[in-house]
Amino acid sequence: MVDGDGRARRGASGRLALPGAPGGDAPPPTIDVIGRFEVVIGGESRTIVGGLQRRLLSLLILRSPRWTSPDVLSEALWPESSTSGPGSRLHLQVHRMREKVGQGTIQSGPDGYRLIVPEDAVDVWRFESAVGEVLADHFRGRGDTELLERLEHAVRLWAGTPFPEVEHADVDAERHRLQEMYLLAQETRFAHLLDRGEHETALDLIAPVAGEHVTRESLQAQWMTALHRVGRRSEAVEAFEAAREALAALGLSPGRELLAARAGVLEQPSARQESDLAGTVAARDMDEGVLRRELASASTPEEMLRARRRLARSLAMKGELDEALELLGQIEAVLRADSREDEVANALGDLAAVIGVTGDLSRAEHYLDEALELEERTTGTDARLRLVRALLLTHSGRAEQAARILHEVPRPPRATASVPATERATMWWRVRSQVDRRRGDTEAAVAAARRAVWLGSLPGTRVDRGPVLVDLASSLRDDGDDECFAWFHRAIDAAYEDGRRPMAAFAHAAMAKAQLMWGEPEVARLHAREALSIARRCGCWGFAARAAKRAADAAMALSDPMRAAWYYSEALSFYRRVGYPLLPEVRAELVERVASGA
């Protein structure tokens, strides 16, 4: 059957509706024309060589199952010939082709020749069918793991340029159409990965494809988005400039999609209209280039100390923990030399916060204890340092000790008089939420977490929005409320928008636990692997251990005990690396699962 445009009509499956296949006992051929010309019959591989043979096979595939007249084939094979009619040359080429693809595969009749093979015999047909079906489901609104796997299968069928080295107008048009289908499938796949928060995975896959298609704006926009979300903002800007120059060489300007991606990269975090928390850190406190220039231009010791502290904080949030600790160590040394004990206490508190991100909670507590001793000798007990210690205690499973600190630190009033008081109140309610959640009072934990989110959104308040969002999401998760997923997505998006890789690892790992609780181990595994990948690169071994355990739990749910045992072993290794204060029963469970092969 043929449509009005002369192309073969497609059935409900999206595949070519072929009237028949080669008869007899001979096995049907498998014909590959994506990236190479090859025919396989009964396990025997036959390469199609020669320009005439490749062009003949290409045209027969393009027109199958229709008849193609001898005159059309002859003109295509010998366009410079002055004689008309098929002659013996065409019969010879068809005879040679039949030897390659098998007798009965190329039929002849009054109307010419046609290729008759099963609908899955030709790789371009398989590719077109797979892409067409999965894109149809995508446009109907599906976005599950199965759809992503089908997209991955479809793009794996692409082994290179279709009909290589064949020059013909019809073949060129078909080659272009198939390549557009391939790129659309890839872009759809990348969009699903970015939507799921798998930004590192997406970036690895996008980069080689985007490098080959510099003037394809939709693809370049996805590349910029992925780069920006993993904290490589400057490279995202460079990608835009490269695309702009390539377009300029063609006399074109960047379109709306590419300009929107650039705006998203350059937009300052504090200027976002749809931020979940208004009190995010100012953009100048996160721009590493600006902070390094401030440090280089500092003219007084006080300016240098302030610039070092801001740069250290920015680096720590981005996962550059070694340099952040080095800068904070320099600050502590200067302050001790000047006998400024009250400020040394603040520096030790900053060191404890960064060390805590690595997962070395015992060493972080040691720094905090020393900081609190200094505070008591100078200005009195610092509520902020005590609340930081309480947060560390909750993370190491000592909720009752954290609760005692809450009783010692005055409960903040409902209305706070200043921005610093509001920021301390936000931290107090964060501790309250975590203590309640670990005690099993999830309803109270949700209420406290919502209070922290509200305080953090007050004008002028500058808090790290990521941890506050994860606290609320985790409390909702443990309360059995699927509203948690919306908050986890906000936390993940906020972490990537602000370039805070440790926070992204933490949020992905917490999301993985939620997906496991809701019976979605495949999605949980994806989030756990993303968390593990980020945490490894940042040296956040506590987060890496947590992510590895989630990946192991997901593998167990997917009936993959060997992979689970490997991930459990990794979790133990990461915990040991930083001497993480695991509860004895948790450590015993991990050791047992590793020993028994999960």
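No experiment lies behind these values; they were computed from the predicted model shown. (Residues numbered from 1 in each chain as written. Predicted model: local features only at pLDDT ≥ 70, side-chain atom pairs only at ≥ 80, totals over all residues. Heavy atoms only, no water.)

K.L.:
How do you make sense of the overall build of the protein when you look at a structure like this?
P.N.:
Check the secondary structure of the protein and you find 26 helices and 5 strands. As presented, the protein carries roughly 27,000 Å² of accessible surface, and 50% of it is formed by carbon and sulfur atoms. (Helix = DSSP H or I, 4+ residues; strand = E, 2+ residues; numbered from the N terminus. Areas by Shrake-Rupley, 256 points an atom, 1.4 Å probe, with all protein chains shown as cover.)

K.L.:
Before we go on, may I ask you to explain the sheet that holds strand β3 (residues 44–47) in this structure?
P.N.:
Taken together, the 3 strands give an open sheet; going across it, the order is β1-β2-β3, and neighbouring strands pair in antiparallel fashion. Two strands lie at the open edges of the sheet, namely β1 (30–32) and β3, each paired on one side alone. Going from strand to strand, the sheet's axes swing by 20 degrees on average, the running direction of each strand aside. Pairing between β1 and strand β2 (residues 38–41): 3 bridges, direction antiparallel. (Pairing = 2+ DSSP bridges. Axes fitted to C-alpha atoms, helices over the stretch in contact; angles between N-to-C directions.)

K.L.:
Whenever I open this one, helix α17 (residues 399–408) confuses me. Can you help?
P.N.:
Buried within α17 we find Ala 399, Ala 402, Ala 403, Ile 405 and Leu 406. The buried residues of α17 occupy an angular sector of 155 degrees when projected down its axis, which confines them to one face. Exposed and facing more than 90 degrees away from the buried side of α17 are His 407 and Glu 408. (Buried < 20%, exposed > 50% of the residue type's maximum accessible area, 1.4 Å probe, protein only. Arc of directions from axis to C-beta.)

K.L.:
Teacher, can you tell me more about the environment of Leu 458 here?
P.N.:
Relative to the helices and strands, Leu 458 resides in the loop between α19 (442–456) and α20 (465–478). Measuring from C-alpha to C-alpha, the distance between Leu 458 and Thr 422 comes to 8.3 Å, with 36 residues separating the pair along the chain.

K.L.:
Got a minute to help me understand the environment of Arg 54 in this structure?
P.N.:
Position of Arg 54 among the secondary structure elements: in helix α1 (residues 51–63). The exposure class of Arg 54 is buried, given its relative accessible area of 18%. Separated by 16 residues in sequence, Arg 54 and Glu 38 have C-alpha atoms that sit 9.9 Å apart. Ignoring anything within four residues of it in the chain, the contact list for Arg 54 reads Phe 37, Ile 48, Val 49, Pro 164, Glu 165 and Val 166. (Contact = heavy atoms within 4.5 Å.)

K.L.:
I'm lost on the pairing of β3 in this one. Help?
P.N.:
In terms of strand pairing, β2 meets β3 through 4 bridges, oriented antiparallel. Each residue of the ladder has a partner; that of Glu 38, found in β3, is Thr 47.

K.L.:
How do you make sense of the packing of aromatic side chains when you look at a structure like this?
P.N.:
Here the distance between the centres and the angle between the planes together describe a pair of aromatic rings. Counting across every chain of the model gives 6 aromatic pairs. Ring plane angle 10 degrees and centroid distance 4.6 Å describe the contact between Trp 158 and Tyr 182, whose orientation is recorded as stacked. Here the residue Trp 158 occupies a position in the loop between α5 (145–156) and α6 (169–195), and Tyr 182 occupies one in helix α6, the gap between them amounting to 24 residues. By relative accessible area, Trp 158 is classed as buried at 14%. You can call Tyr 182 buried: its relative accessible area is 12%. Judged by centre distance (5.6 Å) and plane angle (25 degrees), the ring pair of Trp 541 and Phe 574 falls under stacked. With Trp 541 in helix α24 (residues 541–557) and Phe 574 in helix α25 (residues 561–577), the pair connects residues that are 33 residues apart, well separated along the chain. Taken together, the ring pairs connect Phe 127, Trp 158 and Tyr 182 into an aromatic cluster. A cation sits over an aromatic face here: Arg 89 above Trp 78, 4.5 Å from the ring centre. The ring of Trp 487 has Arg 490 sitting right over it, with the charged end atom 4.3 Å from the ring centre. (Phe/Tyr/Trp six-rings, centres within 6.5 Å; stacked < 30°, edge-to-face > 60°. Lys NZ or Arg CZ within 6 Å of the ring centre and 35° of its normal.)

K.L.:
Can you help me understand the side chain of His 527 in this one?
P.N.:
Tracing the backbone through its elements, the reader meets His 527 in helix α23 (residues 521–538). For His 527, a relative accessible area of 4% puts it in the buried group. With residues up to four places along the chain from it excluded, the contact list for His 527 reads Arg 196, Ile 492, His 508, Met 511, Ala 512 and Gln 515.

K.L.:
Would you mind going over the nonpolar core with me for this structure?
P.N.:
One broad trend across soluble globular proteins is that nonpolar side chains are buried collectively. Of all hydrophobic cores here, the largest spans 176 residues; its most connected members are Ile 31, Ile 61, Val 124 and Phe 163. The residues touching Ile 61, leaving out its near neighbours within four places in the chain, are Ile 31, Val 33, Leu 115, Val 122, Val 124, Trp 125 and Phe 163. (Core = buried A, V, L, I, M, F, W, Y, C linked by side-chain atoms within 4.5 Å.)

K.L.:
What is the right way to look at the pairing of strand β5 (residues 112–115) in this model?
P.N.:
Working note: regular strand, side chains alternate between the two faces of the sheet. Across 4 bridges, the pairing between strand β4 (residues 106–109) and β5 is antiparallel. Pairing of Gly 109 across the sheet is with Gly 112, part of β5. The turn joining β4 and β5, which pair antiparallel and follow one another in sequence, is formed by 2 residues.

K.L.:
Explain the pattern of salt bridges here, please?
P.N.:
Once the charged atoms of two side chains with opposite charge are near each other, the side chains can pair. In this structure the tally under the stated criterion is 39 salt bridges. Linking Arg 244 and Glu 241 is a salt bridge whose minimum nitrogen-to-oxygen distance equals 2.8 Å. A residue pair is termed a helical-turn pair when its members lie 3 or 4 positions apart in one helix, as Arg 244 and Glu 241 do in helix α9 (residues 233–249) at 3 residues. For Arg 244, a relative accessible area of 33% translates into the label partly exposed. Overall, the relative accessible area of 27% leaves Glu 241 in the partly exposed class. Between Asp 478 and Arg 437 there is a salt bridge, with its nearest N and O atoms 3.5 Å apart. With a gap of 41 residues between them, Asp 478 in helix α20 and Arg 437 in helix α18 (residues 419–439) connect regions that are remote in the sequence. Given a relative accessible area of 14%, Arg 437 falls into the buried group. (Salt bridge = Lys/Arg side-chain N within 4 Å of Asp/Glu carboxyl O.)

K.L.:
Would you mind showing me how to read the packing of helix α16 (residues 383–395) against α18 here?
P.N.:
When two helices pack together, you describe them by how their axes are tilted relative to each other and by the distance separating the axes. Where α16 contacts α18, the axes come no closer than 10 Å and their chain directions differ by 25 degrees. By the criterion of interaxial angle, the relationship of α16 to α18 is roughly parallel. α16 and α18 meet at a crossing whose hand is left-handed. Contacts between α16 and α18 pair Ala 383, Arg 384, Leu 387, Val 388, Ala 390, Leu 391, Thr 394 and His 395 from the former with Arg 424, Met 427, Trp 428, Arg 430, Val 431, Gln 434, Val 435 and Arg 438 from the latter. (Parallel < 35°, antiparallel > 145°, perpendicular 65-115°, else oblique. Left-handed = near helix turned anticlockwise from the far one by under 90°.)

K.L.:
Sorry if this is basic, but what is going on with the confidence of the model for the protein here?
P.N.:
As a general rule, the predicted coordinates of low-pLDDT regions are not to be interpreted in detail. Averaged over all residues, the pLDDT of the protein is 81; the fraction at 70 or higher stands at 88%. The spread of mean pLDDT over the elements of the protein runs between helix α26 (residues 584–595), the lowest at 73, and α20, the highest at 92. In this model residues 1–21 is a low-confidence stretch, pLDDT under 50, and it forms 46 contacts with partners more than four residues away in sequence or in other chains. Low confidence marks residues 268–285, where pLDDT is under 50. Its contacts with residues over four positions away, or in another chain, come to 52 contacts. (pLDDT = per-residue confidence, 0-100.)

K.L.:
What am I meant to see in helix α21 (residues 484–497) here?
P.N.:
Residues spaced three or four apart along an α-helix point in a common direction, a consequence of the helix completing one turn every 3.6 residues. With 14 residues, α21 extends 20 Å between its outermost C-alpha atoms, agreeing within 8% with the 20 Å of an ideal straight helix rising 1.5 Å per residue. For α21, the elements touching its buried residues are α7 (199–212), α8 (217–229), α20, α22 (501–517) and α23. (Expected span 1.5 Å × (residues − 1).)

K.L.:
What exactly am I supposed to notice about unusual backbone geometry here?
P.N.:
The peptide bond linking Ser 64 to Pro 65 adopts the cis configuration, its omega dihedral lying at 10 degrees. For Pro 65, the position within the fold is in the loop between α1 and α2 (70–77). Located in the positive-phi region is Ser 339, a residue other than glycine, with phi close to 55 degrees. With respect to the secondary-structure elements, Ser 339 resides in the loop between α13 (321–337) and α14 (341–358). Ser 339 gets classed as exposed once you look at its relative accessible area, which sits at 60%. Its identity is not glycine, yet Ser 559 carries a phi of approximately 60 degrees, on the positive side.

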